[in-house]
Amino acid sequence: MLTLLQAEGVVCGVDEAGRGPLAGPVVAAAVILDPARPIAGLNDSKQLSARRRVFLAEQIRRSALAWAVAAASVEEIDRINILQASLLAMQRAVTALVDRHRLLPVQVLVDGNRCPELAYPVAAIIGGDGKIAAIAAASILAKTVRDDGMLELHAAYPQYGFDRHMGYPTALHLRALAEHGASPHHRRSFGPVARLSKP
């Protein structure tokens with residue numbers, strides 16, 4: 001069972017979804033869990049079925065002490081690169097959580113090996129979404145929110161099959177790009193998209 005790192009006071013978990021896709025924003029979530037209301041089954045979102053993620057996302061929204069989701073746009077990804085955009089989305093998620101709930105974390109735990117700039121003590125934990133409950137919860141929220149957004153994009157651009165690959169560079173997606181070109185929501189700084197405009 002995943003547990004929070006031991007710390008005095010309120011611990012916030014942070015994770016992102018959508019660093020690898022060729023289209024759509026990168027989404028981050030910040031979550032402060034309630035020790036009095038544990039959520040069974042939290043895990044790295046990639047280890048869960050889509051149905052299970054949706055179920056747990058609802059549990060997190062109901063049971064967490066605080067949560068927030070934020071994003072960095074395709075335009076920001078192309079302008080500052082995907083790493084910096086991911087850190088920006090994380091920073092926005094933590095800021096939104098504090099602004100909305102007025103709950104100040106004593107520590108922020110981030111999945112991965114890089115930390116966003118924050119006004120709170122922050123630590124990066126490689127594989128944290130499979131080790132720390134609050135990070136796992138953040139990974140689930142970020143993934144479900146991003147997937148919902150990609151389904152909305154699919155409704156507007158069905159020719160790309162976003163409902164099947166969520167923007168990741170699958171064979172289906174690459175064939176659709178070759179046939180239809182890039183949509184306004186594709187990341188021009190990513191190789192497979194950038195190559196479309198080259199002779």
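Notes on the structure follow. Note that the coordinates shown come from a computational prediction; the quantities given were computed from them, not determined experimentally. (Residues numbered from 1 in each chain as written. Predicted model: local features only at pLDDT ≥ 70, side-chain atom pairs only at ≥ 80, totals over all residues. Heavy atoms only, no water.)

As for the pattern of salt bridges
Considering all chains together, one arrives at six salt bridges under this definition. Of the charged contacts, one joins Glu58 and Arg61 as a salt bridge, the two residues approaching to 3.5 Å between their closest N and O atoms. Of this pair, Glu58 and Arg61 are both found in helix α1 (residues 50-63), three residues apart, which corresponds to roughly one turn of the helix. For Glu58, a relative accessible area of 38% translates into the label partly exposed. Note that Glu76 is salt-bridged to Arg92, the shortest N-O span being 2.7 Å. On the criterion of sequence distance, the pair formed by Glu76 in helix α2 (residues 74-80) and Arg92 in helix α3 (residues 82-101) is long-range, its members being 16 residues apart. (Salt bridge = Lys/Arg side-chain N within 4 Å of Asp/Glu carboxyl O. Helix = DSSP H or I, 4+ residues; strand = E, 2+ residues; numbered from the N terminus. Buried < 20%, exposed > 50% of the residue type's maximum accessible area, 1.4 Å probe, protein only.)

Considerations on the side chain of Glu16
Inspection of the secondary structure puts Glu16 in strand β1 (residues 11-17). The buried charged residue Glu16 lacks any salt bridge partner; its closest oppositely charged side chain belongs to Arg19, at an N-O distance of 4.5 Å. The residues touching Glu16, leaving out its near neighbours within four places in the chain, are Val26, Val27, Ala28, Ser86, Met90 and Ala142. (Lys, Arg positive; Asp, Glu negative; His and termini not counted. Contact = heavy atoms within 4.5 Å.)

Section: the side chain of Ser139
Looking at where Ser139 falls in the secondary structure, it is placed in helix α4 (residues 133-156). From its side chain, Ser139 meets the backbone nitrogen of Ser45 in a polar contact 3.2 Å long. Reaching out from Ser139, the side chain makes a polar contact with the backbone oxygen of Ala136 at a distance of 2.7 Å. When sequence neighbours within four positions are dropped, the list of residues in contact with Ser139 reads Asp15, Asn43, Asp44, Ser45 and Asp129. (Polar contact = N/O pair within 3.5 Å; in protein donor to acceptor, adjacent residues only side chain to side chain.)

Section: the environment of Val110
Here Val110 lies in strand β4 (residues 107-111). Counting along the chain gives 89 residues from Val110 to Pro21, while the straight-line C-alpha distance between them is 21 Å.

Concerning the environment of Arg188
Along the chain, the position of Arg188 falls in the loop between α6 (171-180) and α7 (191-194). Note on Arg188: relative accessible area 43%, which makes it partly exposed. If near-sequence neighbours (up to four positions away) are discounted, Arg188 is found in contact with Asp78, Ala182, Ser183, Val193 and Ala194. Here Ser183 takes part through its backbone oxygen, which lies 2.4 Å from a polar atom of the side chain of Arg188. At 3.2 Å, the side chain of Arg188 forms a polar contact with the backbone oxygen of His186.

Quick notes on the layout of surface pockets
In this model, the largest pocket occupies a volume close to 310 Å³. Taken together, 21 residues make up the lining of the largest pocket; nearest its centre are Asp15, Glu16, Ala17, Lys46 and Asp111. Elements with a contribution of two residues or more to the lining of the largest pocket: β1, α3 and α4. In terms of residue count, the dominant contributor to the lining of the largest pocket is α3 (four residues). Here the lining of the largest pocket is built from residues that sort into five nonpolar, six polar and 10 charged. (1 Å grid on protein atoms, 1.4 Å probe; cavity = no way out; pocket = protein on both sides within 12 Å on 5 of 7 lines; lining within 4 Å. Points joined across faces, edges and corners; volume = space filled by probe spheres on them. Nonpolar A, V, L, I, M, F, W, Y, C, P; charged D, E, K, R; others polar.)

Worth remembering: the numbers are spatial, not functional.
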